[in-house]
Every structure is written in structure tokens, then in C-alpha cells.
Amino acid sequence: MHIIETINVEYQYPGGTHALQGVDLKIKSGSKVTILGPNGAGKSTLLYLFNATLRPTSGKVLLNGSPMRYNSSSLRQIRKTVGMVFPNPDDQLFAPTVKQDVSFGPLKLKLSKEEVEERVSESLQLVGISELESMPPHHLSTGQKKRAAIAGVLAMDPNILVFDEPLSGLDPTGQADMIELLDQLNADGKTIIVSTHRMEFAADWADNILVLKDGKVLKEGVPEEIFSDPALIHDANLQVPVPVQTHNELRLRGFNNEQTPLSVLELVESVVSVFNDNGYQDLSSASNGIIWIVRTPRAVEGGVEMMPPDIVQHLVDIRKPHKIGAMGTVAKSIIINSELKYDFGTEVVNNAVSASLRGLSTMIFATGTMAGLAVDRIAQLNLRLNKKIESHMIA
Ligand SMILES: Nc1ncnc2c1ncn2[C@@H]1O[C@H](COP(=O)(O)OP(=O)(O)O)[C@@H](O)[C@H]1O
Ligand SMILES: [Mg+2]
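Residues numbered from 1 in each chain as written. Chains lettered and ligands numbered in written order. Predicted model: local features only at pLDDT ≥ 70, side-chain atom pairs only at ≥ 80, totals over all residues. Heavy atoms only, no water.

Chemist: Describe the overall build of the chain, naming the residues involved and giving the relevant values.
Modeler: Helix and strand content of the chain: 15 helices and 14 strands. The C-alpha radius of gyration of the chain comes to 22 Å, within 12% of the 21 Å expected for a compact globule of 395 residues. Here the C-alpha coordinates of the chain stretch approximately 65 × 55 × 40 Å along the principal axes. Each of the 395 residues in the chain was classed as buried or not, and the buried ones make up 50%. Within the chain, contacts between residues at least 6 apart in sequence are counted, and of these 67% link residues at least 24 apart. When the accessible surface of the chain is totalled, it reaches about 18,500 Å², and 50% of it is carbon and sulfur. Across the chain, the centroid of the 37 positively charged side chains sits 4 Å from that of the 45 negatively charged ones. (Helix = DSSP H or I, 4+ residues; strand = E, 2+ residues; numbered from the N terminus. Rg over C-alpha atoms; globule rule 2.2 N^0.38 Å. Buried < 20%, exposed > 50% of the residue type's maximum accessible area, 1.4 Å probe, protein only. Contact = heavy atoms within 4.5 Å. Areas by Shrake-Rupley, 256 points an atom, 1.4 Å probe, with all protein chains shown as cover. Lys, Arg positive; Asp, Glu negative; His and termini not counted. Charge placed at Lys NZ, Arg CZ, Asp CG, Glu CD.)

Chemist: Provide a residue-level description of the nonpolar core, including the pertinent values.
Modeler: Residues Ile150, Phe163, Leu185, Ile192, Ile209 and Phe227 are the most contacted members of the largest nonpolar core, which totals 47 residues. Counting 31 residues, the second-largest nonpolar core is a separate cluster that includes Ile35, Leu49, Val61 and Leu210. (Core = buried A, V, L, I, M, F, W, Y, C linked by side-chain atoms within 4.5 Å.)

Chemist: Run through the sheet that holds strand S3 (residues 32-36), naming residues and quoting values.
Modeler: Read from one edge of the open sheet, six strands run S6-S7-S8-S3-S9-S10, paired in mixed fashion. If you trace the sheet from one side to the other, it starts and ends with strand S6 (82-85) and strand S10 (216-221), each paired once. Going from strand to strand, the sheet's axes swing by 15° on average, the running direction of each strand aside. Two strands pair when backbone bridges link them, and strand S9 (residues 208-213) and S10 are joined in this way by five bridges, in the antiparallel orientation. When the sheet's bridge partners are listed, Ile209 is paired in S10 with Gly221. Packing against the sheet, helix H1 (residues 43-50) makes contact with S3, S6, strand S7 (160-164), strand S8 (191-195) and S9, and its axis sits at approximately 155° to S7. Set on the sheet, helix H5 (residues 142-154) makes contact with S6 and S7; between it and S6 the angle comes to about 165°. (Pairing = 2+ DSSP bridges. Axes fitted to C-alpha atoms, helices over the stretch in contact; angles between N-to-C directions.)

Chemist: Any details on the layout of surface pockets? Residues and values, ideally.
Modeler: If a probe the size of a water molecule is rolled over the atoms, the empty space left behind becomes visible. A volume near 720 Å³ is recorded for the second largest pocket. Lining the second largest pocket are 28 residues, and of these Arg79, Phe104, Gly105, Lys108 and Met156 lie nearest its centre. Sort the elements by how many residues they give to the lining of the second largest pocket and helix H2 (residues 72-81) lands first, with seven residues. A per-class count over the lining of the second largest pocket returns twelve nonpolar, nine polar and seven charged. (1 Å grid on protein atoms, 1.4 Å probe; cavity = no way out; pocket = protein on both sides within 12 Å on 5 of 7 lines; lining within 4 Å. Points joined across faces, edges and corners; volume = space filled by probe spheres on them. Nonpolar A, V, L, I, M, F, W, Y, C, P; charged D, E, K, R; others polar.)

Chemist: Which residues make up the packing of helix H3 (residues 98-107) against helix H4 (residues 113-127), and what values do they have?
Modeler: Two numbers describe how H3 lies on H4: the axes approach to 9 Å, and their chain directions differ by 125°. Judged on the interaxial angle alone, H4 and H3 are oblique. Relative to H4, the crossing made by H3 is right-handed. Contacts between H3 and H4 involve Val98, Lys99, Val102, Ser103, Pro106 and Leu107 from the first element and Val116, Glu117, Val120, Ser123 and Leu124 from the second. (Parallel < 35°, antiparallel > 145°, perpendicular 65-115°, else oblique. Left-handed = near helix turned anticlockwise from the far one by under 90°.)

Chemist: Give a description of the domain arrangement of the chain that names residues and reports values.
Modeler: By a widespread convention, an interface's size corresponds to the accessible area lost as its parts come together. For the chain, the assigned domains read domain 1 (4-235), domain 2 (242-277) and domain 3 (291-394). Each of domain 1 and domain 2 has a C-alpha centre, and the two are 33 Å apart. Taken residue by residue, the interface counts seven residues in domain 1 and seven residues in domain 2. The contact between domain 1 and domain 2 buries some 570 Å² in all, and 56% of this surface belongs to carbon and sulfur atoms. Sorting the residues of domain 1 by area buried against domain 2 places Glu200, Glu224 and Phe227 first, and these three jointly supply 64% of that buried surface. The interface formed by domain 1 and domain 2 contains zero salt bridges. Linking domain 1 to domain 2 there are two residue pairs in polar contact (both at pLDDT 80 or more). (Domains from an automatic or database assignment. Buried area = accessible area lost by both parts, 1.4 Å probe. Salt bridge = Lys/Arg side-chain N within 4 Å of Asp/Glu carboxyl O. Polar contact = N/O pair within 3.5 Å; in protein donor to acceptor, adjacent residues only side chain to side chain.)

Chemist: Lay out the site of ligand 1 with the relevant residues and their values.
Modeler: In the vicinity of ligand 1, the contacting residues are Tyr13, Thr17, Ala19, Pro38, Asn39, Gly40, Ala41, Gly42, Lys43, Ser44 and Thr45. Within the contact set of ligand 1, an oxygen atom lies 3.1 Å away from a backbone nitrogen or oxygen of Ala41. At 3.0 Å from an oxygen atom of ligand 1 is found a main-chain nitrogen or oxygen belonging to Gly42. Relative to its free-state accessible area of 560 Å², ligand 1 is covered by the protein chains to the extent of 60%. Along the lines of polarity and charge, the residues of the shell around ligand 1 split into four nonpolar, six polar and one charged. (Near = heavy atom within 4 Å.)

Chemist: Before we move on, could you go through helix H10 (residues 242-252) and cite the residues and values that matter?
Modeler: Residues lying three or four places apart along an α-helix face the same way, a consequence of the helix completing one turn every 3.6 residues. Burial in H10 covers these residues: Pro243, Val244 and His247. The buried side chains of H10 occupy one side of the element, clustering within an arc of 95° when seen end-on. On its buried face, H10 is in contact with helix H7 (199-205), helix H8 (223-227) and helix H11 (264-277). A positive backbone phi angle near 100° is found at Gly254, which sits one or two residues after H10. (Arc of directions from axis to C-beta.)

Chemist: So what's going on with the sheet that holds strand S13 (residues 362-367)? Which residues, and what values?
Modeler: With respect to topology, four strands assemble into an open sheet ordered S12-S13-S11-S14, the strand pairing being parallel. Edge positions in the sheet fall to strand S12 (323-327) and strand S14 (391-394), since each has one partner strand and no second. Within the sheet, the average angular offset between the axes of one strand and its neighbour, ignoring direction, is 20°. As paired strands, strand S11 (residues 291-296) and S14 are joined by four bridges and run parallel to one another. Considered in S14, the bridge of Trp292 is made with His392. Contacting S11, S12 and S13, helix H13 (residues 329-337) runs over the sheet at an angle of about 125° to S13. Packing against the sheet, helix H15 (residues 370-385) makes contact with S11, S12, S13 and S14, and its axis sits at approximately 160° to S11.

Right, here's the structure in full:
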């Protein structure tokens, strides 16, 4: 069964715009889905249907296999299951303080006072803005506002999270932090659906991509299927990510590399493998560096205090990694708290794998469920790159 499904959905705005025209799609539970398409394609309209902000003019939206109903008790249930994060946090934040804003949803759920408190502090910790709880939202930076708006949605504990252009308006570090947060939520078991114009992000991050244009689904598939289809990219006014562009150019110059690279790491690997066949002296090491993964507690399990500096220092002293990586806000705080520095704070697994191929070992500190995500991602890259990089969980 799919967690969300639409059957022949049409949506016409009261003004007459026919924004969705016969949309059929299926979304798997626990997956990371990206919606791509030019401005006006109908991305936002489609996302609004997922939490019943809009109701289809005709056709059906199924949630957990049942057609959505739009009476007030069904709507309450839908809003608890599907959280919606709007592109502009100013549309979402309205209370005098961040904490009051994040409490607003759970207070309406008839939970006990303690439960509300717990959910609010957990959500604020998860997005990394606990220290801002008594600030007025309009005093926050764009990145902080976005986090506050997300905390408000997380406090409802939805199973499915829908983000309309979560990277818009953020600087590069802000974007990397946002992607990490999306990964963390997915590692916690949530289904994540995002619309975006960032092709690099879609290629490297999504399990599945849906391409929309003029209110219709042009194609649905894994990133490689989408970005290796030039006609589709052209039809949908998209652009291929830079690694794919480079790959295409190299092929036109006679490079015989089949697999479409979804990241710089994959592009470099494909170039190196072609060079190797031609006697090029590869700087990659004969033996791959090991990747150790240390699962750090999450904020809610005690956070930084649960992993004192001497333990962190001890782990580093016995394994002597060449590089240190940190995934998630708690892991980053733990490293800083231990007066160490991390070499990789974004694209941590890709960077660790790249280091490994040069014979360097990395110790990745990963917050909570992100440790499992790192293991899965290394396995996935081993498969795609045809490597045997060793990774070990350190308990
Ligand atoms: N509130 C609205 N009233 C009337 N038309 C709208 C409204 N919102 C969006 N539209 C129209 O619906 C179409 C799809 O818009 P939208 O879903 O916002 O696309 P996207 O998010 O892909 O840019 C566009 O033609 C847009 O002009
Ligand atoms: Mg939009």
C-alpha cells in the first residue's frame, strides 16, 4: 500500500486556472520524494492537496489507502498525519514567541500540559533552535524562521512531511543544514515530499522524482532515469545538475562512461575509471580507508551531556581517523564540546567515501537514527560505484 496516492486528480482555481489536470501518482511510505517542474507547473497546488489545504475539483486523494474526506473530524486527522511547511515562514509564524508558536498546534490536540511541553522542547531541539524559544519570530533570521516553522509542524508529530521549496531564500550553509534536517526526519521514519528548483539536491537526495508541467505528470522515476532523459529535461524546462552536464559533455568527447553520475563524487569516479583503463596513474589508494560510525544520542536522550569529551577523545585516540565527520546538530555540538574539529559537516557520507577512496579513514559521529542512514548510504554508494568500502558501527 502507498502512503499517498492520487487518482485522476483535477484542480481548478475559482478564477478558472486549471492547475492540475489528471494527476495520478503513488508515494511509498518512508521515501524521499522530490517534485520538479517550472514555475506555474502546479507543484504547490499538488502539495496543498496532500494535507487537504485544497480539495480536488474531481478525482481522489488517498491517504494510507483511504480516500480523503473533508469533514472537520477527517480534516483534523489529516492535519495530524500530514504536516505542511510553506515556502515563506512569515506565512506560518504568528505568535508572540517561538515557543508559543510551536505550542499552538499541540495545544489544540487535547494533550496533557506535560505532553505539550515535551513535544515543543523535542521539536525545538530537533531543528536546533532551543535557545531561541522566547524570541519573537520576526526577530529571527530567515533560516531560523524556517526552523521555527518546521518545529511547529513537527510538534504535531505527523508521519508525512511536505515542504514547498524548503531551500528557497537560504544561503549555502543554510541549504546544507536544511538538507541535513530533511535527512534526519527521514531517518526518523517520516515520509518526506519536497518541491524544489535545486537540481543538484534532487539528483543526490531523492529516492524518487516526479516531474510536473502544465498540471500534468510528465514522468516519475529514480533520479538517474529522470536526469538521463534529455528530451524530458527540455520539455519540462529543467536543467541537468552540473555533474550530469559534465558527464554529457565528456561523452560527446568520446568518454565511454555509461552510468549517469548523481554527484561530484560519482562523476569523479566515472572519470577515474575511464582514465585507469588508459594507464593513468590513479592517486586513489590501493586499500580503501575505513569509515567508523559512532551513534551519538539525540537531544531527547540527553544530548551533549550523554557523550562527555573524554569518551569522544578516547574513541578518536584508539582509531586515529584521518578525518572526522558530524551528521546532525547533536553530533556537531558533541564534537565542538570535545574541543575537536570536524572536517565534514555537510555531504558527510559522500566526503567520507571520497576520503576512503584516497586511503583515508573517517570517523562519522551521527545523531541518533542518522547513524543507520549513514550505513545505508555507504552500502548504496558501494553498489553504485562498485567498491567495497568497509564501514563499522561503534556502539
Ligand atoms: N490562488 C490562486 N488562484 C488562482 N490561480 C492560482 C492560484 N495559485 C496558483 N494559481 C495558478 O495555478 C497554476 C499552478 O500554480 P502553482 O501550483 O503555484 O505552481 P508552482 O508551485 O509549480 O509554481 C499557475 O498557473 C498559477 O498561476
Ligand atoms: Mg510553488
